[in-house]
Amino acid sequence: TKPLGTGIITTAAKDGIAKKSDLDEAIMLMNILNKDASEAMVSVGVNACTDVTGFGLAGHLLEMLRSNELTAKIFMNKIPVMNGVNDLIERGAIPGGTVRNLESVVDDIAWHKSAKESDKILVCDAQTSGGLLISVSSEKLTALTEELNSRSVRHYLIGEILASGAKKIIVEA
């Protein structure tokens, strides 16, 4: 329910290289509570949910998958990213926690051959006050979308759950 990049932007701010407008956007997004999204998903009934925080999107998704014999496929081009983040990654504004996150999930992810190092960093970026990662059945997807829309909650469909595979997460282009 929120774009990725707070770890990278706040690290860049500490390093003095973040644009004020990008930092302002990150602060605004971090101040948005997950209350409305939570109420929407509870009213519809979902399979699972977690907040995306310190372990990044990949770490929290793995947390959701570990107790099941399931695999998730996520699409890099569908993952929302805050303004300026890709440039900041290229400039080296990468939090230590994000690097450790990437190291901890490397064996559980099958990356698309076109995946760049910046994609890997982004999916593992340690978030502060991140959004909710929600798993909902296809039968309830429209209802959840309508509930989120009625509460003016940003939301993004970034992937799907598959039967078990060799890796827990498959990252497509």
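Now for a quick tour of the structure. (Residues numbered from 1 in each chain as written. Predicted model: local features only at pLDDT ≥ 70, side-chain atom pairs only at ≥ 80, totals over all residues. Heavy atoms only, no water.)

Thoughts on the overall build of the protein chain
Right, on to step 1. For the protein chain, the helix and strand inventory stands at eight helices and six strands.
Right, on to step 2. Starting at the N terminus and ending at the C terminus, the protein chain contains elements arranged as α-α-α-β-α-β-α-α-β-α-β-α-β-β.
Right, on to step 3. Here the C-alpha atoms of the protein chain give a radius of gyration of 16 Å, agreeing with the 16 Å that 2.2 N^0.38 yields for 173 residues.
Right, on to step 4. Projected onto its principal axes, the C-alpha coordinates of the protein chain cover approximately 45 × 40 × 25 Å.
Right, on to step 5. Residues counted as buried form 42% of the 173 residues belonging to the protein chain. (Helix = DSSP H or I, 4+ residues; strand = E, 2+ residues; numbered from the N terminus. Rg over C-alpha atoms; globule rule 2.2 N^0.38 Å. Buried < 20%, exposed > 50% of the residue type's maximum accessible area, 1.4 Å probe, protein only.)

Structural notes on helix 3 (residues 35–44)
Right, on to step 1. Residues Ala37, Ala40, Met41 and Val44 constitute the buried set of helix 3. Each buried residue of helix 3 sits inside an arc of 90 degrees when the element is viewed along its axis, so together they form one side.
Right, on to step 2. Against strand 1 (48–51), strand 4 (132–135) and helix 8 (141–150) lie the buried residues of helix 3.
Right, on to step 3. Following helix 3 by one or two positions, Gly45 adopts a phi angle in the positive range, close to 90 degrees. (Arc of directions from axis to C-beta. Contact = heavy atoms within 4.5 Å.)

What to know about the environment of Lys167
Right, on to step 1. Secondary-structure assignment places Lys167 in the loop between strand 5 (159–163) and strand 6 (169–172).
Right, on to step 2. Between the alpha carbons of Lys167 and Arg66 there is a distance of 11 Å; along the sequence they are 101 residues apart.
Right, on to step 3. There is a polar contact of 3.0 Å between the side chain of Lys167 and the backbone oxygen of Asp107. (Polar contact = N/O pair within 3.5 Å; in protein donor to acceptor, adjacent residues only side chain to side chain.)

Remarks on the side chain of Ser135
Right, on to step 1. By the secondary structure assignment, Ser135 is in strand 4.
Right, on to step 2. A relative accessible area of 15% means that Ser135 is categorised as buried.
Right, on to step 3. Excluding its chain neighbours within four sequence positions, the residues that come into contact with Ser135 are Val46, Asn47, Ala48, Met64 and Ile161.

Digging into the sheet that holds strand 6
Right, on to step 1. The four strands lie next to each other as 3-6-2-5, forming an open sheet whose pairing is mixed. Either end of the sheet is taken by a strand with one partner, and the two such strands are strand 3 (109–111) and strand 5. Each strand axis lies, on average, 20 degrees off the axis of its neighbour in the sheet, ignoring direction.
Right, on to step 2. Packing against the sheet, helix 4 (residues 56–65) makes contact with strand 2 (70–75), strand 3, strand 5 and strand 6, and its axis sits at approximately 150 degrees to strand 2. (Pairing = 2+ DSSP bridges. Axes fitted to C-alpha atoms, helices over the stretch in contact; angles between N-to-C directions.)

Notes on the nonpolar core
Right, on to step 1. In this structure, Leu57, Ile74, Ile79 and Ile169 are the most contacted members of the largest nonpolar core, which totals 35 residues.
Right, on to step 2. Ranked by the residues each element gives to this core, the list is headed by helix 4, at six residues.
Right, on to step 3. Sequence-distant contacts of Ile169, that is, excluding residues within four places in its chain, are made with Ala58, Leu61, Leu62, Leu65, Thr71, Ala72, Ile74, Asp108, Ile109 and Ala110. (Core = buried A, V, L, I, M, F, W, Y, C linked by side-chain atoms within 4.5 Å.)

Points about the side chain of Asp125
Right, on to step 1. Note on placement: Asp125 falls in the loop between helix 7 (117–124) and strand 4.
Right, on to step 2. Lys14 provides the closest opposite charge to the buried, unpaired Asp125, separated from it by 10 Å.
Right, on to step 3. A polar atom in the side chain of Asp125 sits 2.9 Å from the side chain of Thr98.
Right, on to step 4. Non-local contacts of Asp125, meaning those with residues more than four positions away in its chain, are made with Gly5, Thr6, Gly7, Ile8, Thr53, Gly56, Leu57, Pro95, Thr98 and Asn101. (Lys, Arg positive; Asp, Glu negative; His and termini not counted. Salt bridge = Lys/Arg side-chain N within 4 Å of Asp/Glu carboxyl O.)

Some details on the environment of Ser67
Right, on to step 1. Here Ser67 shows up in the loop between helix 4 and strand 2.
Right, on to step 2. Overall, the relative accessible area of 65% leaves Ser67 in the exposed class.
Right, on to step 3. Remark: the alpha-carbon pair of Ser67 and Ala93, spanning 26 residues in sequence, is separated by 33 Å.

With respect to helix 6 (residues 96–105)
Right, on to step 1. Listing the buried residues of helix 6 in full gives Gly97, Thr98, Asn101, Leu102 and Val105. Around the axis of helix 6, the buried residues are gathered within 140 degrees of arc, so they sit on the same side. For helix 6, the exposed residues set more than 90 degrees away from the buried face come down to Arg100 and Glu103.
Right, on to step 2. Those residues of helix 6 that are buried are in contact with helix 4, strand 3 and helix 7.

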